[in-house]
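One letter stands for each residue in the lines below.
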Amino acid sequence: MVYAKNHLRWVGVVLLLMVLLSAVTIWSLMAGEMKIPFNEMISILKNHSGMEYAVLTNIRIPRLLLAFSIGGALSITGAILQGIYRNPLVEPYTLGISGGAALGVALVIVSGLNLKLGEFMLPVAGFAGAFVTIFIVYFLGIKRGEININRMLLIGVMISFIASSGMMFLMSITSSDNLHSIIFWTMGSLDEPNNMLVKTMVFASLAGLFITIMFAQPLNALRLGEAKATNLGINAALIIRILFVVASLLAGLCVAVGGIIGFVGLIIPHIMRSIIGSDYRILLISSFLGGSIFLIVSDVLARTVISPNELPIGVITGIAGGLVFILVLSRSKQKSVL
Amino acid sequence: MNKDYLKIENLICGYDNFYLDSLNFGIRKGDFAGIIGPNGSGKTTLFKAITGELKIKKGIITLNENILTQLSIREKARNIALVTQQTDPVDISVEDYVLMGRMPYRSDFQFFETKEDFEIAEKYMRLTDVFRFKDKLMNQLSGGERQLAGIARALAQEPQLLLLDEPTSQLDISHQIHVLNLVQDLNIKMGLTVLMIIHDLNLASEYCDFLLLMNEGKLWKKGTPVEVLDYRTIEDVYKTVVFTQENPLSKKPAIFLVSNKIIAQSKKHE
């Protein structure tokens, strides 16, 4: 059959990424200050006791799950936003989502609410900040009942600037302890003591993947632009709204849980495009898996490079991601990036 | 038998500073109609009103007695297909691009194309002669090849009405003729109703059964090429001196442009 050709290749890519994901999963459980050999891992997990068991279940598995879900979620958000904005440079953070979240967190730290009410205030404030930003971008982006995506993009960028200035203001008036907390949060970390948040993040990222894959075909049509997609029978205006809301809520949640982990949403979709092409039916799932793999590897590096100390994960994703991206871009034969 | 297939009645539609002023016309099934007129005369605005990209302020557009604004987006896409001036230079393969024409026939959430979709796409790729490079990306094609792929995609929509918005304006003469001959063939053999915006008056004269001349948001003149392409009308609307003659082979009017230098010289001789 003529039409089996592409789909076989897709299955191959997904399988390959799954194998890679399994490999880095095992590696991330083994590596760290305490080395846990692979062949002992199953018996450790069965025993329900001992130092190794505690390290695995309290530290490594939650971190692994977070890296998996945040990496995947940020990548599909990037892929979606680049598609609906038809702009290869858009990523979840361009829209001011991270700026809004960071400002929310900074406000809580400066006002000391996290000390009074508990550390869970930080992700709550992060998500609230992201949510307010999304709300502003969305409603200011609608003019006369019609959504204007370029307008939304510009408003998002402006909100980023305003939020970062607001944050600098807060940082300049606060104590050095608070300053340290703010900076630490901004750099991003997968260290999350709250199991409930880890579960929420895993569930939300998988749900996000499922929902957006449903919209793969309309996303393909949107690559021709809103007007042309409409001429192909796609309700482009509605689908852009739905995808914007889903993508930004997902990004907001990622920032709230993991802090600002840059570059993943920008580079992973691009790398996947240059490998497998830009059909959203394969791009979304491969971006999710690719993002998961990338963030799991970055997390292992962050934990082990200067062990026993830990690097902020944003440092690794920025450097490694940037280098990989330049390499892929310079080798790519295709002219266009979208 | 004389019933209008596409009918536009009292259409008012446009922007703050420009709008179509009570447009009225109809074209019959199987017609090959051309829209001509200077830049800014409302040709593309009219197309946007038909496709629904622009909201209609007043008036009614019917296609085969269905009121267009009452059709769903999907139903509209099954009836009307549009080929634009430049077909998208995207990194989508020709085959996938043509397959997009089948979207109005699927649910948004249907993940894979059906066997029928592939058969229909192949049929129109062969008809437009783009099948031989179906695996090439759209942005690797020449402008002419891309226009053919654009027509194949439009045909895969199996529309009742094919709209062409200056499909040849970026092509050299051999590709212009190639594309227009193909459209003419589809019009004659498949009975496809064609409405085409075209700037080149000679091509409009040669290919279209009748012409709609637009100016300043109004329908200025309507009729066969012989009736519309009168030199006085053209000079009036385009504010340009032209010279017309009958094409000896097709018996259609041919339009010649004259430069200022020649005009000055000819005045001297008088």
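Residues numbered from 1 in each chain as written. Chains lettered and ligands numbered in written order. Predicted model: local features only at pLDDT ≥ 70, side-chain atom pairs only at ≥ 80, totals over all residues.

Turning our eyes to something else, we now look at the overall build of chain B. Within chain B, the regular secondary structure consists of 10 helices and 12 strands. Over its C-alpha trace chain B gives a radius of gyration of 20 Å, about what one expects of a compact globule, namely 18 Å for 270 residues. Each principal axis of the C-alpha distribution contributes one length, and for chain B these read about 70 × 40 × 40 Å. Within chain B, the fraction of its 270 residues that count as buried is 40%. Put simply, of all contacts in chain B between residues at least 6 apart along the chain, 65% involve residues at least 24 apart. (Helix = DSSP H or I, 4+ residues; strand = E, 2+ residues; numbered from the N terminus. Rg over C-alpha atoms; globule rule 2.2 N^0.38 Å. Buried ≥ 20, exposed ≤ 12 C-beta atoms within 10 Å, placed from the backbone. Contact = placed C-beta atoms within 7 Å.)

Here the focus is the overall build of chain A. Along its length, chain A carries 15 helices and 2 strands. Counting only residues that meet the buried cut, chain A has 49% of its 338 residues in that class. In chain A, the share of contacts with a sequence separation of at least 24, taken over all contacts with a separation of at least 6, comes to 77%.

Here we take up the environment of L249 of chain A. Tracing the backbone through its elements, the reader meets L249 of chain A in helix α12 (residues 236-258). For the pair L249 of chain A and I59 of chain A, spaced 190 residues apart in sequence, the C-alpha separation works out to 26 Å.

It is worth spelling out unusual backbone geometry at this point. Even without a glycine there, the phi angle at H48 of chain A is positive, about 60°. Within the secondary structure layout, H48 of chain A lies in the loop between α2 (38-47) and α3 (51-85). Looking at H48 of chain A, the number of C-beta atoms within 10 Å reads 8, which means it is exposed. The backbone of E65 of chain B shows a phi angle near 70°, a positive value even though the residue is not glycine. Examined against the element boundaries, E65 of chain B turns out to sit in the loop between β4 (56-63) and β5 (66-67). With 9 C-beta atoms counted inside 10 Å, the residue E65 of chain B sits in the exposed group.

Residues and elements named next belong to chain B. Read from one edge of the open sheet, 4 strands run β2-β1-β4-β5, paired in antiparallel fashion. Of all strands in the sheet, those bounded by a partner on one side alone are β2 (19-27) and β5. As paired elements, β4 and β5 share 2 bridges and run antiparallel to each other. The partner of L63 across the bridge, within β5, is N66. (Pairing = 2+ DSSP bridges.)

Taken together, the contacts link 22 residues of chain A with 21 residues of chain B. Where the side of chain A that touches chain B is concerned, the elements lending two or more residues are α10 (216-222) and α11 (226-231) of chain A. Here the element with the most residues in the side of chain A that touches chain B is α10 of chain A; it accounts for 4 residues. Tallied by class, the residues present in the side of chain A that touches chain B amount to 10 nonpolar, 8 polar and 4 charged. (Nonpolar A, V, L, I, M, F, W, Y, C, P; charged D, E, K, R; others polar.)

Let us now look at the packing of helix α4 (residues 97-111) of chain A against helix α7 (residues 149-173) of chain A. Residue and element names in this part refer to chain A. Relative to each other, α4 and α7 sit at 20°, their axes nearing to 8 Å. In terms of their interaxial angle, α4 and α7 are classed as roughly parallel. You can see that α4 and α7 cross each other, and the crossing is left-handed. Counted together, G99, G100, A102, L103, A106, L107 and V110 of α4 and I159, S160, A163, S164, G166, M167 and L170 of α7 form the full contact between these two elements. When its residues are assigned to classes, the contact of α4 with α7 shows 9 nonpolar, 5 polar and no charged. (Axes fitted to C-alpha atoms, helices over the stretch in contact; angles between N-to-C directions. Parallel < 35°, antiparallel > 145°, perpendicular 65-115°, else oblique. Left-handed = near helix turned anticlockwise from the far one by under 90°.)

All names here are of chain B. What the 6 strands build is an open sheet, ordered β6-β7-β8-β3-β9-β10; its pairing is mixed. The open sheet has two edge strands, β6 (80-83) and β10 (218-223), and neither has a second partner. Strand-to-strand twist across the sheet, computed as the mean angle between neighbouring axes with direction ignored, equals 20°.

Counting 169 residues, the largest nonpolar core has I70 of chain A together with V98, A152 and L163 of chain B as the members making the most contacts within it. Top contributing element to this core by residue count: α3 of chain A, with 15 residues. (Core = buried A, V, L, I, M, F, W, Y, C linked by C-beta atoms within 7 Å.)

The next subject is the pairing of strand β7 (residues 161-165) of chain B. Residue and element names in this part refer to chain B. Within β7, 5 of the 5 residues are buried, which leaves it mostly tucked inside the rest of the structure. What you see with β7 is no split at all: L161, L163 and D165 on one side and L162 and L164 on the other are buried throughout. In terms of strand pairing, β6 meets β7 through 4 bridges, oriented parallel. Paired with A81 across the bridge in β7 is L162. Alignment of β7 against strand β8 (residues 193-197), held across 5 bridges, turns out to be parallel. What sits directly across from D165, in β8, is I197.

What follows is about the packing of helix α9 (residues 195-214) of chain A against α12 of chain A. Two quantities define a packed helix pair, namely the angle between the axes and the distance from one axis to the other. Residues and elements named next belong to chain A. Orientation of α9 relative to α12, taken along the N-to-C sense of each, is 155°, at an axis distance of 11 Å. Between α9 and α12, the angle falls in the class roughly antiparallel. Remark: the crossing between α9 and α12 carries left-handed chirality. In contact with L197, M201, A204, G208, I211 and T212 of α9, α12 contributes L243, V246, L250, L253 and V257. Of the residues assigned to the contact of α9 with α12, the class counts are 9 nonpolar, 2 polar and no charged.

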